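# Overview (structure and organization)
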Amino acid sequence: MEFSILVDSFYKMESTRKRLELTQFLVELFEKTPIEIISKIVYLIQGKLRPDFEGIELGVAERIAMRSISKSSGIPIKKIETEYRKGGDLGHAASIILEQKTQTTFLVEDITVERVYETLFKIAKLEGPHSQDMKMKYISSLLNDASPLEANYILKLLLGTLRLGVAENTMMDALAIAFSGDKDNRKILQHAYNVSSDLGKVAETIAIDGIEEIKKFKIILFNPIRPMLADRIKSEEEAIEKMGNAFAAEYKLDGERVQLHIEGEKMELFSRSLENISSYYPDIIEKIPKNIQVDNIIVEAEIVAINENTGKFLPFQELMHRRRKYKIEKAVTQYPITVNFFDILYCNGKSCLELNYKDRRRKLEESVKEDNFAKYIPMSIVTNKNEIEDFMENSINSGSEGLMLKLLDKPYQAGSRGSHWLKLKREYQNELGDSLDLVVIGGFFGKGRRTGSYGTLLLATYDEDEDVFTSICKVGTGFTDEDLDQLYQMLNPKVTIKKNPRIISEMKADVWFEPELVIEVVASEITLSPIHKAAMDKIRKETGLALRFPKFTGKIRVEKAVEDASTNEEIIALYKGQKKVAHDKNLM
Ligand code: AMP
């Protein structure tokens, strides 16, 4: 398939944010795509080469990209840099540069999607001492044959800056229409996606085998399942109101959620955002297979750092010491953990998602043996407020954050947040009643003690409808010197020359970051704001919402994808909840 067909679609998609138009462009594109390469097209639209959990990252450095443009155009790097600075978009700069190309090539080969994909794949796989030179060679050979517009998108793919704003739901709508003629089949696709986390695979299945095969779509061992999420509640009363008079309460441990896929000695660990995190936990890989009593299994657990002397759970930050590539053995002994199992999703070749909570818990206990390292999360069936309070007390005393409450007769709903699971944190019960996970979008340089770091950060919520990040507050309190250091190290590589188009903010930050990092804050209140963009126009016209007295809690949520950050919908619910509390208090 000619690459120019894909590029035309990219161009059209970039020009709109309207979901219906995007769907239409996608349907037209899918109809033109040979079915053998449909999965490649789906990944490329998402700016990737394979599903996230395979961890194949392009991420070519800007410097290498500029040198490649220079090599293939004959134009000096300085000039390319100047063009880049004008607009802050290297893809666009490349297209302008290539228009003025001084070195004409005579043997122009047609570029196909297949060729671009294979070349990008080779580049992503390159490692070692000569890899930079090889990357340049591959990139400039593509650019030599590319039209200026094609070059623009090749560079965006290489740099990871292609942002078409196509949400997964939109992609599934278009696949359903193009390959089954009925948009309502999206629901069936959604299930296949929830159990495989691989939209390319879903697309390939419907395109080649049709909707009937999608209906039979099964869990694939070692492909992560999209996790079930919980709604938050604020009080024991609310729990009883929503869950009735008997439900399960589990400790809500403050660790890292992990999905373990195991068959014999083979094992992979996936994070909550479906990244493969096996390399951080060699101790789990070594020990856990011995606890498994069945042939194959997918289970979920919370990994928690512990104090070996007291056996108490330690806060999430302690696990950060495991986030390193080298000397992991040392971290394993210095920062011991336990693996605390709470769910089973697959067992001996069969899905367990349809089983209700009680049956899953029983199956979990039958399939995984407990010892000092592998534990079941403490659980109790509760029937009234006192019992919830008692269990909450035990949970907090053990070093946990609160409780997860789960309905006994409900299945596991992969990939969705709902009211079958509720979370009740102790800290929800004061002030704003909640901690928030926000995306770091901008920074302000520190003064005095904070020189050489970002003293204040600009934070954003996630707007699910528009797939953008909307500013909600600046935060400058709650940071220790160590936090500031660590955040500086983590944020510095994310600095961009120009604000990413998915960031919606009128603030003038000293630097803008790629929206990639989530941190946790607490605040005293949510207020209306003429400056911040979260929930703009939703409560009042031309007014957004902001956090009052935000404070960093010390938690950098590396395990969360930015799309898992607190959403505007959640902020609106909190804002309304807080008004209701104030109103109720006035009535008292
Ligand atoms: P939050 O990150 O605040 O949205 O809370 C949900 C997270 O709580 C999950 O992603 C898990 O990492 C964690 N968690 C701790 N204990 C449990 C439990 N018993 N059941 C489910 N999730 C738990």
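Residues numbered from 1 in each chain as written. Predicted model: local features only at pLDDT ≥ 70, side-chain atom pairs only at ≥ 80, totals over all residues. Heavy atoms only, no water.

Let us look at the side chain of Ser367. You can see Ser367 is positioned in helix α17 (residues 357-367). Take Ser367: its relative accessible area is 3%, and that puts it in the buried class. Those residues in contact with Ser367 that lie beyond four places of it in its chain are Asn291, Ile292, Gln293, Val294, Ile297, Ile344 and Cys347. (Helix = DSSP H or I, 4+ residues; strand = E, 2+ residues; numbered from the N terminus. Buried < 20%, exposed > 50% of the residue type's maximum accessible area, 1.4 Å probe, protein only. Contact = heavy atoms within 4.5 Å.)

Where helix α1 (residues 3-14) meets helix α9 (residues 148-159), the closest approach of the two axes is 10 Å, and the angle between their N-to-C directions is 75°. Comparing their axes, α9 and α1 come out roughly perpendicular. Residue-level contacts link Phe3, Ser4, Val7, Phe10, Tyr11 and Glu14 of α1 to Leu149, Glu150, Tyr153, Ile154 and Lys156 of α9. (Axes fitted to C-alpha atoms, helices over the stretch in contact; angles between N-to-C directions. Parallel < 35°, antiparallel > 145°, perpendicular 65-115°, else oblique.)

This part covers unusual backbone geometry. A positive phi angle, near 55°, is found at Ala535, a position not held by glycine. Positionally, Ala535 belongs in the loop between β19 (525-529) and β20 (544-548). Non-glycine residue Glu542 carries a positive phi angle of around 55°. Mapped onto the secondary structure, Glu542 falls in the loop between β19 and β20.

This brings us to the domain arrangement of the protein. Taken domain by domain, the protein consists of domain 1 (48-159), domain 2 (229-425) and domain 3 (436-587). Using C-alpha coordinates to define each centre, domain 1 is positioned 34 Å away from domain 3. (Domains from an automatic or database assignment.)

A few words on the site of the ligand. Neighbouring the ligand are 16 residues, the closest being Glu250, Arg272, Glu302, Lys406 and Lys423. Interatomic distance of 3.1 Å between a backbone N/O atom of Leu253 and a nitrogen atom of the ligand. Interatomic distance of 2.7 Å between a side-chain N/O atom of Glu302 and an oxygen atom of the ligand. Protein contacts shield 95% of the accessible area of the ligand, which totals 500 Å² for the unbound molecule. Contributing elements (two or more residues each) for the shell around the ligand: β2 (247-252), β10 (402-406) and β11 (417-425). (Near = heavy atom within 4 Å. Polar contact = N/O pair within 3.5 Å; in protein donor to acceptor, adjacent residues only side chain to side chain. Areas by Shrake-Rupley, 256 points an atom, 1.4 Å probe, with all protein chains shown as cover.)

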